[in-house]
Structure formats: structure tokens, C-alpha cells
Amino acid sequence: MITPILLCGGSGTRLWPLSRASFPKQFAAILGEESLFQASARRFRGMGFADPLVVTGDPFRFIVAEQLEACGIRPQGILIEPEGRNTAPAAAAAALAVMEANPEGLMLIVPSDHAVADPAAFREAVTRGRAAAEAGRIVTFGIRPTRPETGFGWLEEGAEGEEGEGGVRRLARFVEKPDAARAAEMLAGGRHLWNAGVFLARAATFVEAFREHAPAILEGARAALTGARRDLGFLRLDPAAWAAIPEDSIDYAVMEKARNVSVVRFEGQWSDLGSWEAVWQEAGPDAQGNVRHGPVTCMDCENTLLRSESPDIEVVGIGLKNVVAVAMRDAVMVADLSQAQNVRKAVATLKARGAKQATHFPVDHRPWGWFETLILADRFQVKRIHVNPGAALSLQSHVHRSEHWIVVSGTARVTVDGETRLLTENQSIYIPLGAVHRMENPGKVPMVLIEVQTGSYLGEDDIIRYEDIYARS
């Protein structure tokens, strides 16, 4: 069995405003009804594949668990990185975890934010690389290029005579992101592929590669696993040991130095969705080259992506050419399609200016559900709160604010200073400043309520927790 290792700790900004540090692109539904993370998990299910092992960051642990549960996948483990250290430490920790159970076990390291049009074909490519991996090779997967792309790293296949069973070739070398002329040359030559960043090998092979080429990363990951602690259904890696690990990508730390790397060519459609231009390409433009998502109107436009993420926001494009426009409730981004790679520079500017839109998603996801702020003004705030069936907020109090709750749908079990009562639709309750309180959803359907806060300070850090079923501090 091959254990998929889903890496989903990144906080990419290239698809801002849809992707932000608090809710990055892998968890967003960009090309369909499910998220990129869910699509990645589904891609490697079925015969020959074990349940996945996930490596993610602390802010995303409950999002990971909830999204996997929604698509019927039970992970064999979720490792929590105390902080982002790039992909090499995450891969090393995963390899050690798999090796502890079975040194000969095969593992497939997979980014969780890629789009593959034909999952079955990609699984077949992985199967073709299995024999080489079992023989001690590290197998990577190269995408047949369709254009002289400068935003990807490339792979150079070995000579014809080195082709092995199942179309597996030895890898000649990794190629850094090229300039336009070099990319065109490699495209024309036919022996270069896009680097998908997917790797298959035995756990012991990965560990040995780290021991030879990145021993400090391996030993740091080992120490972080040794000092890890269980937290609900998660395994928290030791923070002190993790912080001491050198930060590096798996490509730079290991793969570009290893001498036992092979490559399998994948002929299907693939994208890392690294820019809005890539989303436009993968979404399937119409005859005029336009892509629409959400409530949008497109008039006399060409090669344009119009996207509204809110049912209440109409986006209208008139006479546009080569433009991307993405509208959310709290931010709008408009750019020339060819400049879409520069979105991250705009995010850096917003962050330097202190704009909350740079990092914070308008919907705040929590282990019990989510909330969004509808109105925020001086001394009052209005929120919509969605609580999942069977979920409960922590038992808490506030120092600076009081709250008024109005149930919109479902049933709420509310505890205030030891007294518990049930509230149904259109019923309300007042939570005085300093009162110890809790909100629960005892029903089988989501519970939605409106919360009105008043007080001198309305920040999310004005919470004193006494009990919490999700073990948050």
C-alpha cells in the first residue's frame, strides 16, 4: 500500500483575495464544489492506497479534519507543525512516522493545492513508478509541458537508452525556473517536463536520502517526533525541536542532490494554480476566452476572468480584455491577466500598511463552525455565527463586552452563570459583561444566530476560557 502524505501547511497569497493566511487556497473551492485539499485526498484513494497522513499547521487542523470528514476520508494521522519550515522538515517528519510503522512502506509526498483533470490517469502514473520505488529509487513525476512556462521548475529526462520498465527514466537533472528563451528551448527539445513536486519512495529510502544530504533536518524532525504529544485526534510536533530545524524545500535539501531519482512522465492536464491566470486557464474559457464565476455579467469582453465570491455582489465587466477581477465582501482585486503573478506584491503592500484584508479571511473558521462580522463600528459589532450539529463553543467570559444572541435557525442550548436553557428560532438571550457562558447546538441541523456585541473592546482575544472540548488554550 502507498501512503499519501498530504502537505497542506502553506499560506499562499498568489490567489488573494480568495486565498489568505487564515484560509489559504488549498481549502478553498476554486474549480468546483470541493476544495483543492479534498480533491487531492480523493485523488489517491482506492486500491493500492492507504489512508492519508496529513501534515499541516496549527491554525488549519480543524479545517483539515472537517474537510476530510465531509468527503468520507479518515486520515491515519494529522501531524501539526508548530510553525512553517517549508516542505523538507514536513517530508522528513512524515517519512520517520511512516518508517516507524513499516520501513519498507511506500509513501507519496503530495502538495494539496494542485489541480488534476484526470485523477485516474495520475494514479496510473504513480502505479507505473511503484516498481522503481520498491527497488530503492525516489520517483518524481514530470508533467508534459504545453507552453514555455517560466513560473515552474523543470525536469530533464535521462537518455532514451535509460528508459526502464513502465516508462520510468532516470532523472538527468532538476532545472530552476527558466527565463522565457530557455523555457521555449526546453519545450521544443521534448526531453524536459514541468516539476510537479510529487515524490514516491519507500519510507526508508526517504530517510536515508535525508541522512545523506540533509542530516540536520532529519535529526530535528526526529527530535520533534520524539517530543510530540497527542492532542485530541492530532499529533503536535515538539515546538522547540521544530524551531531549530533549518528551513528548506525538499527539492533543494534532498532531491537535487540525490543520485537515485527517476521520473515518470504524466501526459494529462495538471496545474499548480499558482496564479489567477492559471485558474483562468484551468477553468475552461468560453469561445471569447472568458471565465465567469458567481453573479457576474460579461459584455463584449475577451480573455477575462470575472469572479464574485458573494451572492450579494454583482460583478459587471464591459469591454474588458485580458483582465482578472475577483470580488469578495471585504476586498476587490482587478489586474491585467499577464500581471497576475504580482498579486503577492500587492498583499505585501497591504500587510505593511496594516490592512486586515491582507491576511484575514472574512469568514473565520473555528472547530465548532464559523462566524463572519456583518457590522463593526465604535463600541458595537454584529456577527453571524454558524454552529455545526453537536458542536459547542467554549465555556467563557469577557472582560470588556456584553452580548445579545438571537437564534435565526436551529436550536441553541445556552448556559449563563450555571443556568441552562434552550432557545429556538426568533428567541433571544442577553449575556452580561463578565458572565460565564457557553453556546451549544444539540440538534441534527446547523444552528445559526446573530450576535450583537457592545463594549469598550471587541477583539477576539477578549476571551477567558474555562472549558473547551477542542482543547484550545
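Residues numbered from 1 in each chain as written. Predicted model: local features only at pLDDT ≥ 70, side-chain atom pairs only at ≥ 80, totals over all residues. Heavy atoms only, no water.

Student: Can you help me understand the pairing of strand β8 (residues 168-175) in this one?
Tutor: Walk down a regular strand and you will see the side chains alternate between the two sheet faces. Note that strand β7 (residues 154-157) and β8 share 4 bridges and pair antiparallel. Following the sheet pairing, W154 is matched in β8 by V175. Two strands pair when backbone bridges link them, and β8 and strand β12 (residues 261-266) are joined in this way by 3 bridges, in the antiparallel orientation. Its bridge partner being in β12, V168 is matched across the sheet by V264. (Pairing = 2+ DSSP bridges. Helix = DSSP H or I, 4+ residues; strand = E, 2+ residues; numbered from the N terminus.)

Student: Please explain the domain arrangement of the chain as it appears in this structure.
Tutor: How big an interface is tends to be stated in terms of accessible area lost as the parts join. Taken domain by domain, the chain comprises domain 1 (2-271), domain 2 (276-353) and domain 3 (363-467). Between domain 1 and domain 2, the C-alpha centre-to-centre distance is 29 Å. Taken together, the contacts link 14 residues of domain 1 with 19 residues of domain 2. Interface area, domain 1 with domain 2, both sides summed: about 1,600 Å², of which 60% is carbon and sulfur. Ranking the residues of domain 1 by area buried against domain 2 places R14, W16 and L18 at the top, with a combined share of 37%. On the surface where domain 1 and domain 2 come into contact, there are 1 salt bridge. Run the count over domain 1 and domain 2 and you get 6 residue pairs in polar contact (both at pLDDT 80 or more). Residues of the side of domain 1 that touches domain 2, tallied by class, amount to 8 nonpolar, 3 polar and 3 charged. (Domains from an automatic or database assignment. Contact = heavy atoms within 4.5 Å. Buried area = accessible area lost by both parts, 1.4 Å probe. Salt bridge = Lys/Arg side-chain N within 4 Å of Asp/Glu carboxyl O. Polar contact = N/O pair within 3.5 Å; in protein donor to acceptor, adjacent residues only side chain to side chain. Nonpolar A, V, L, I, M, F, W, Y, C, P; charged D, E, K, R; others polar.)

Student: Looking at this model, I keep getting lost on empty space enclosed by the protein. Mind explaining?
Tutor: Inspection of the entire model under this criterion finds 2 cavities of 30 Å³ or more. Roughly 180 Å³ of volume is contained in the largest cavity. Taken together, 21 residues make up the lining of the largest cavity; nearest its centre are W368, L393, Q396, E460 and I463. Split into classes, the residues belonging to the lining of the largest cavity amount to 7 nonpolar, 5 polar and 9 charged. What the second largest cavity holds in volume is close to 40 Å³. Contributing to the lining of the second largest cavity are R43, F44, V110, P111, H114, V116, F122, V198 and W270. Among the residues forming the lining of the second largest cavity, the class breakdown is 7 nonpolar, 1 polar and 1 charged. (1 Å grid on protein atoms, 1.4 Å probe; cavity = no way out; pocket = protein on both sides within 12 Å on 5 of 7 lines; lining within 4 Å. Points joined across faces, edges and corners; volume = space filled by probe spheres on them.)

Student: How should I be thinking about the state of the cysteines in this particular structure?
Tutor: Formally, a disulfide is one covalent bond, and it connects the sulfur atom of one cysteine to the sulfur atom of another. For the structure on display, the rule yields 0 disulfides. The thiol of C298 is not disulfide-bonded; the next cysteine sulfur, from C301, is found 3.6 Å away. Taking the relative accessible area as the measure of exposure, C301 reaches 4% and is therefore buried. (Disulfide = S-S within 2.5 Å. Buried < 20%, exposed > 50% of the residue type's maximum accessible area, 1.4 Å probe, protein only.)

Student: I would appreciate a short explanation of the layout of surface pockets in the present structure.
Tutor: It is the rolling of a water-molecule-sized probe over the atoms that shows where space remains empty. Here the largest pocket is characterised by a volume of approximately 1,400 Å³. In terms of lining, the largest pocket is formed by 46 residues, of which the most central are R14, N86, T87, P111 and S249. Of all elements in the fold, only α3 (87-101), β4 (106-111), β8, β9 (192-202) and α10 (250-255) reach the threshold of two or more residues within the lining of the largest pocket. With 4 residues, the single largest contributor to the lining of the largest pocket is β9. Across the lining of the largest pocket, the residue classes break down as 18 nonpolar, 17 polar and 11 charged. Taken together, 37 residues make up the lining of the second largest pocket; nearest its centre are H360, D364, R366, F371 and E460. Those elements that place two or more of their residues in the lining of the second largest pocket are α2 (61-70), β10 (229-231), β20 (363-366), β21 (369-377) and β22 (380-387). It is β21 that provides the largest number of residues to the lining of the second largest pocket, a total of 6 residues. Of the residues that make up the lining of the second largest pocket, three or more belong to each of domain 1 (2-271) and domain 3 (363-467).

Student: How should the pattern of salt bridges be read in this particular structure?
Tutor: Side-chain pairs of opposite charge can arise where the charged atoms are in close proximity. Within the structure shown, the criterion is met by 32 salt bridges. Of the charged contacts in the structure, one is a salt bridge between R61 and D58, with a shortest N-O distance of 3.0 Å. With a closest N to O distance of 2.4 Å, K383 and E460 form a salt bridge. Taken as a pair, K383 in strand β22 and E460 in the loop between β29 (447-455) and β30 (464-467) lie far apart in primary sequence, 77 residues in all. With a relative accessible area of 3%, K383 lands in the buried category. Through salt bridges with shared partners, a single network forms among R144, E157, R169, R265 and E267.

Student: Sorry, what's going on with the sheet that holds strand β18 (residues 323-327) here?
Tutor: Two orientations exist for strands paired in a sheet by backbone hydrogen bonds: parallel and antiparallel. Across the sheet, 4 strands lie side by side as β14-β16-β18-β19; this open sheet has mixed pairing. The open sheet terminates on both sides in strands that have one partner only, identified here as β14 (291-293) and β19 (332-336). Ignoring which end each strand starts from, the neighbouring axes of this sheet average 5° apart. Pairing geometry for β14 and strand β16 (residues 305-308), over 3 bridges, is parallel. In the sheet register, H293 faces β16, and the bridge partner there is R307. The strands touched by helix α11 (residues 276-283) are β14, β16, β18 and β19; relative to β16, the strand with the most contacts, the crossing angle is about 95°. (Axes fitted to C-alpha atoms, helices over the stretch in contact; angles between N-to-C directions.)

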